[in-house]
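# A look at the structure
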Amino acid sequence: MMVAVLMLMPVAAKKVKKAVQTDREYWTEQAWKMAQPVLENMAKGELQKNMKTEFSPSFDNRNRKVVYMETFGRLMAGIAPWLSLTPDPSPNGEGSEYSKVMKLREWALQAYKNAVDPESPDYLVWGAAGQNLVDAAYIAESFIRAYDALWVPLDDVTKQRYITEFKKLRSIEPPYTNWFLFSSTIESFIAKAAGLREYDDFRVMMTIRKVEEWYIGDGWYADGPVFAFDYYSSYVFHAMYLETLQNMIDAKANTRLEYQKYYDRALKRAQKFSIILERFISPEGTFPVIGRSTPYRLAAMQPLALMAWYQKLPSDLSNGQVRAALTAVMHRMFDQQQNYNDGGYLTIGFCGHQPETADWYTNNGSLYMTSLAFMPLGLPANHPFWTDKAEPWTQVKAWGGQPFPKDHRWADDIQTRDRW
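Per chain, the residues get numbers from 1 upward, laid out in the order the sequence is written. Totals for whole chains, interfaces and linings use every residue, but because this is a predicted model, local features are given only for residues with pLDDT of at least 70 and side-chain atom pairs only at 80 or more, for both listing and counting. No hydrogens and no water enter the side-chain calculation; it runs on all heavy atoms of the structure.

## Things to note about the confidence of the model for the protein
Per-residue pLDDT for the protein averages 93, and the proportion of residues at 70 or more is 93%. Each residue carries a pLDDT score, the predictor's own confidence in it, on a scale running from 0 to 100. Contact definition: two residues touch when any of their heavy atoms are within 4.5 Å. Contacts for the low-pLDDT stretch residues 1-11, under 50 throughout, to residues beyond four places or in other chains number zero contacts. Every residue in residues 414-420 is under pLDDT 50, and counting partners more than four places away or in other chains gives 16 contacts.

So this is what it looks like as structure tokens:
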């Protein structure tokens, strides 16, 4: 009886300590939010039916269906490393990282098929505009970054359709800019996936020549013959140049170039540029808004994310400080502002909905390049990038009166590079 009475007595509510979200949990939450509406719809063949689109007020007269190719290709280039990794299945559950990755990978493989199936409502407009060269390169890049997880499982018909579509893009003449790298990324992927007899060697060799000519030192590339102070070294140059060279190494191409030598030098440049990007991140988690294409948001940090994923961060940068810096930027950009529309798709802007930031070629599919900062999710949860203690990054140290490393020019054999 006493037991029954005690059971009926009010019990003081215990304070339940809320579990602190880890940085990786936060990153996966953001990556899922960005990817789920796109891939779930495209797997069903309903992206073009359901996506709530937005175009620059000064958008040109090209076929507006390029928005879907931009959305899919750019998103996949960023999350491919994550989807190449199978997380620990325990603890499992609807909201676990394992369940997220398995579901996204399932949707992605079906979306890849729909993208090249002429009978699918989500068949992409491969020949509608020169823009297709750009976003086909990001699709190829997604295959490069998760070859075994996203390319190998595709059926032979789908693979051949991709090779056919990629080859058709040779009819597009790239402008005398970073666009050369879109051609080389596609052609070098063809060399790796379909064989050396299938790729256009000239488009690869010409790109390498021009990229070497356009390197101006200390990690920076000019976007063509004239330097522009923007983030195109981030958006395109470092990653796609390294990937072009690596594909040629993987394909065992036998040309007059020593691809490994070029790769090692390009890697050194990317490491220097990653130092610059880390130093751009303020103590408040902001970075300078410069140049065109600013609505690409976190894509400005791609080389820093790439070096972390490659496990090639320079000695000046620790895993703990890079993770802390990138996480601070994500919180600053995505926690409060209106970055998504009511359909769950990205809005035009840099930190929120800011349509006035759009360039004439911008649509809200373009913005999925922001996913490129998520590449470190391709490192397992027990990697030091995720397990090391968060550390202050350079600007926190500098403005907080703490010791910090001096910056200096990194020498490059720019004066003695191969002449053509």
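## Comments concerning the packing of aromatic side chains
The geometry of an aromatic ring pair is captured by two quantities: the separation of the ring centres and the angle between the planes. Side-chain rings of Phe, Tyr and Trp (the six-membered ring for Trp) are treated as a pair once their centres are within 6.5 Å; stacked means planes under 30 degrees apart, edge-to-face means over 60, and tilted covers the remaining angles. Scanning the entire structure with this criterion turns up 39 aromatic pairs. Their ring planes at 65° and their centres at 5.0 Å tell us that Phe55 and Phe59 sit as a pair that is edge-to-face. We note that Phe55, like Phe59, is buried. What links up through ring pairs into an aromatic cluster is the set Phe72, Tyr112, Trp126, Phe143, Tyr147, Trp151, Tyr162, Phe166 and Phe189. For a Lys NZ or an Arg CZ to count as sitting over a ring, it must be within 6 Å of the ring centre and within 35 degrees of the ring normal. A cation sits over an aromatic face here: Arg64 above Phe55, 4.5 Å from the ring centre. When the ring centre of Tyr215 is taken as origin, the NZ or CZ atom of Arg269, which lies over that ring, is 3.9 Å away. Relative accessible area decides the class of each residue, using a 1.4 Å probe on protein chains only: under 20% of the type maximum gives buried, over 50% gives exposed, and in between gives partly exposed.

## Some thoughts on helix 9 (residues 180-194)
Secondary structure elements are taken from DSSP: a helix is a run of H or I of four residues or more, a strand is a run of E of two residues or more, and numbering for both begins at the N terminus. One less than the number of residues in a helix, times 1.5 Å, gives the span that helix is expected to have. With 15 residues, helix 9 should cover 21 Å at 1.5 Å per step; its first-to-last C-alpha distance of 21 Å lies within 8% of that length. Within helix 9, twelve of the 15 residues are buried, leaving the element largely enclosed by the surrounding structure. If you check which residues of helix 9 are buried, you get Phe180, Leu181, Phe182, Ser183, Ser184, Thr185, Ile186, Glu187, Ser188, Phe189, Ile190 and Ala191. Of the surrounding secondary structure, the elements contacted by the buried residues of helix 9 are helix 6 (131-145), helix 7 (147-151), helix 8 (156-168), helix 10 (201-214) and helix 11 (232-250).

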